[in-house]
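One letter stands for each residue in the lines below.
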Amino acid sequence: MTPLIEVLEERVRRALASRFGEAGANIDPVMRRAQDERFGDYQSNCAMGLGKRLGRNPRDVAEDIISALDVADLCEPPTCAGPGFINFRFKPSALSDRLLGIVAEDHAAGEDRLGADRTAHPEIVAVDMSSPNLAKEMHVGHLRSTVIGDCVSRLLEFQGHTVYRINHVGDWGTQFGMLVAYLGRTKPELLQNPDDLEIADLEAFYVEAKAVFDRDPEFAAESRKAVVALQGGDPITRKIWKAFCAESLRHCHQIYQRLDVTLEDRGESFYNDRLAGVVRTLRDQGLAVESDGAVCVFLDGFQTRDGQPLPMIIQKSDGGYNYSTTDLAAMQHRLDELGATIFVYVVGVTQKLHLEQLFAATRKANWATDAVRLIHLAFGSMLGKDGRPFKTRQGGTIKLKDLLDEAVIRARKVIDDQRTRGSTPDSSVPETKSSTFTSAQIDHIAETVGIAAVKYFDLCHSLGSDYKFDVDSMCSLDGNTAPYLLYAYTRIQGIGRKAGIDFNTIPTDIRLVLEHDTEIRLAKSLCRWPEVFRQSAGELRPNVLTDYLYELSKSFSLFYDRARGVRVVDARPESTRLSRLRLCDLTARTLRLGLGLLGIQTLERM
Ligand code: ARG
C-alpha cells in the first residue's frame, strides 16, 4: 500500500504541475511530518524554495498550490502557515478507510503486512554478518554485527528479496597454528589421535596458548611452522584444525540459537582454492602489480597520511594471501555463483578503509557493474557503562554468553519486582499473577525478555554511533525498551481476554469510530506503518523501526489511559466497542510484526 506521505506528495506534484507546468512537475514537494501536531500531520515545504526561484512571495506561492490541490478525500482543507508551509491534516474518515483496507488486504492474503509494501524488483542480497574469528568464543564485539545483520536480513526478506546471511568466519588465521602447536606441547598424544580432541574450555585453551606464544619465541616459531603445515595441507594438522573450528562454531551456534539468528557458515577457508585465481585475474587485467615484492592493487583516491599512494596488498612478499584476497574471492563467489546484486557488509566502522578498498577494486575490475549495490553498514562500538571499551575487571574481553546471562538475570528481577508490587505499567489489567506461571514459564519469559532487551537496545541506537551497554536501562519497563513494548503487547492480549473476544473474529468490515482525540492519534500512528517500513528497509536503519514502535505504544497507552483515554472493554454501543477492540488488535499486530522484524518474539503473557 502506498504510504500516505507518498500519496500526499503525489497530490502536491500534480498541483505543482497544474500551476507551474513542466517545471512544476519536477519540484520536490519536500513533504515532512508536521513539526507541531497542532498545525497538522504533514507539511509541504516546497513553496519557500519555489518562491525564491520565481521571485514571488512564498506565502502567495503556497496559496497558489493550495488552490490547485485536490485532497478532499484525505484531508481537511490544507492551510498555509508561517513563511509558506502547507499543512495537511487527515480526516478521520480517511484514516478509517485506510485501516479497513489494510484489514481486508491482510485477511485476504492470510498474512500480516499491515500495509507494508513488497518491492517491485526482487533481488538477491548477500548479507555479510556476525563473522567472528574462530578459536575463541564469541565476545561482546560480535553482538552488533549479528543482531543488526539479522534485522536487516529480515527487513529485506520481508520486502521480497532473497537473502543469503553469510557468516564469513575467520577460520584460517595464524591463531590456528598457535593452537595446534600448543596442543602438540600439552597433549602430544592427541596429535596421533586427533579424532579424540575434546576441549572443555576453548577460551581458556586459547588464552594459555597466547600467553606462551607471547613470551616464548621458540613456541612462536613452532606455531608458524604449524601454520605452514596447515596451509600446505598436512593431514594431521588439518584434522586438528577442523576439530578446533567445529568446536568453536558449536559455541557460536549456541549463541545464534539463543539470539534466534540463522545464518550460513562460510569461513575464509572456503575461498582458499580461489585465491591464486583472484591474484592472477587482477594481474591479467593489469590492475595488480608487484611493489616491494608484494602484489598490490593501487586505487584512485587512496593515500597514506603523507600523500603516498596507498596499496591494497593481495599477496604478501612471502607468497601468502591475506584478508583482502579472501574478501575479493568471496566477492567473486557471491557475484558469480550466488548472483547477488545487493551486498551488505555489516562490519564495524573500524574496517571502513578495508571495505572501501574492496569495493573500489571490485568496481575497477568491472566485476561489479553499476547495477550492483555495495553497502558497508558500518556500526560503532559497544562501550562499558563508563564509556570506555567494554572489558572485564581484569581487562579481558567479555564473553557474549556472560553478557546475555546478565541481561536475563536482570530481566527476571524486573519482572519479579513488577509482580510483587502487584501492578503492571497499566494497573487496569492486573490479570497475570506470578502464581499462575510455572517455573518453566517464568524461565521462558525471563530469557525472552532479557534477550529482547539486549537486541532492542542495540538496534535502537543509530548505527554509526557508539553506545554504552547498560543493563538497567535496557531492561527497564519504562521508556524506549523491549520490556516496555513487550508489555504493551501482552496488555493488549489481556484486554482481548478481558473482553472475552478473539480479535480474529471481529468482522473485517466494521467501521472504525474515530472521534476521541486518542483514537484519532492511535489511528494515525497505525497508518504510518507502511511509511516507516519503507524507510527503515530502504535505508537499512533499524532505529527508524524502534522509534516508531515506541511512538505507537505511547499512542496506545494514551488511548487506553483511564483518565485521558477511552473505555474499551465495556464501551457502548457495541459498534464503538468493536471499533476500539479493532484498534487494539491492529496495534498488537503492528507491534508483533515490527518486533518480529527486529528479531524479537512477542509473549502472550508476562
Ligand atoms: N572476521 C572479521 C573480524 O572479526 C570480520 C569479517 C567481516 N567480513 C568480511 N567479509 N570481511 O574482524
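Here, every reference points to the structure presented above.
Residues numbered from 1 in each chain as written. Predicted model: local features only at pLDDT ≥ 70, side-chain atom pairs only at ≥ 80, totals over all residues. Heavy atoms only, no water.

Asks: Whenever I open this one, the sheet that holds strand 6 (residues 162-167) confuses me. Can you help?
Replies: Hydrogen bonds between backbone atoms are what pair the strands of a sheet, whose relative direction is either parallel or antiparallel. Pairing within the open sheet is parallel, and its five strands lie in the order 7-6-5-11-12. Single-partner strands in this sheet number two, and they are strand 7 (264-265) and strand 12 (373-379). Note: strand 5 (residues 124-128) against strand 6, five bridges, orientation parallel. Opposite Asp 128, over in strand 6, you have Ile 166 as the bridge partner. (Pairing = 2+ DSSP bridges. Helix = DSSP H or I, 4+ residues; strand = E, 2+ residues; numbered from the N terminus.)

Asks: Would you take a moment to explain the pattern of salt bridges for this structure?
Replies: Side chains that differ in charge, positive against negative, can pair when their charged atoms come close. Across all of its chains, the model carries 49 salt bridges by this definition. The residue Glu 6 makes a salt bridge to Arg 534 at a minimum N-O spacing of 2.2 Å. Highlighted residues: Glu 6 in helix 1 (residues 4-25) and Arg 534 in helix 19 (residues 529-538), separated in sequence by 528 residues. The partly exposed category is assigned to Arg 534, whose relative accessible area is 28%. Here Arg 274 makes a salt bridge to Glu 337, at a shortest N to O gap of 3.0 Å. Placement of the pair is Arg 274 in the loop between strand 7 and helix 11 (275-284) and Glu 337 in the loop between helix 12 (323-336) and strand 11 (342-348), with a sequence separation of 63 residues. One salt-bridge network, held together by shared partners, links Asp 106, Asp 112, Arg 582, Asp 585, Arg 589 and Arg 592. (Salt bridge = Lys/Arg side-chain N within 4 Å of Asp/Glu carboxyl O. Buried < 20%, exposed > 50% of the residue type's maximum accessible area, 1.4 Å probe, protein only.)

Asks: Would you mind showing me how to read the nonpolar core here?
Replies: The nonpolar side chains of a soluble globular protein tend to be buried with one another. In terms of nonpolar packing, the biggest core is built from 168 residues, with Ile 65 and Val 344 touching the most fellow members. Excluding anything up to four places from it in sequence, Val 344 contacts Val 125, Ala 126, Val 127, Asp 128, Val 152, Leu 156, Ile 375, Leu 377 and Leu 540. Listed in part, the 34 residues of the second largest apolar core include Ala 288, Met 312, Met 331 and Ala 340. (Core = buried A, V, L, I, M, F, W, Y, C linked by side-chain atoms within 4.5 Å. Contact = heavy atoms within 4.5 Å.)

Asks: Honestly, the site of the ligand in this entry has me stumped. Any pointers?
Replies: Around the ligand sit Asp 128, Ser 131, Asn 133, His 168, Tyr 323, Asp 327, Tyr 345, Val 347 and Gln 351, and those are all the residues in its vicinity. Asn 133 places a polar side-chain atom, nitrogen or oxygen, 2.9 Å from a nitrogen atom of the ligand. In the environment of the ligand, an oxygen atom lies 2.9 Å from a nitrogen or oxygen atom belonging to the side chain of Gln 351. Listed by contribution, the elements that provide at least two residues to the shell around the ligand are helix 12 and strand 11. (Near = heavy atom within 4 Å. Polar contact = N/O pair within 3.5 Å; in protein donor to acceptor, adjacent residues only side chain to side chain.)

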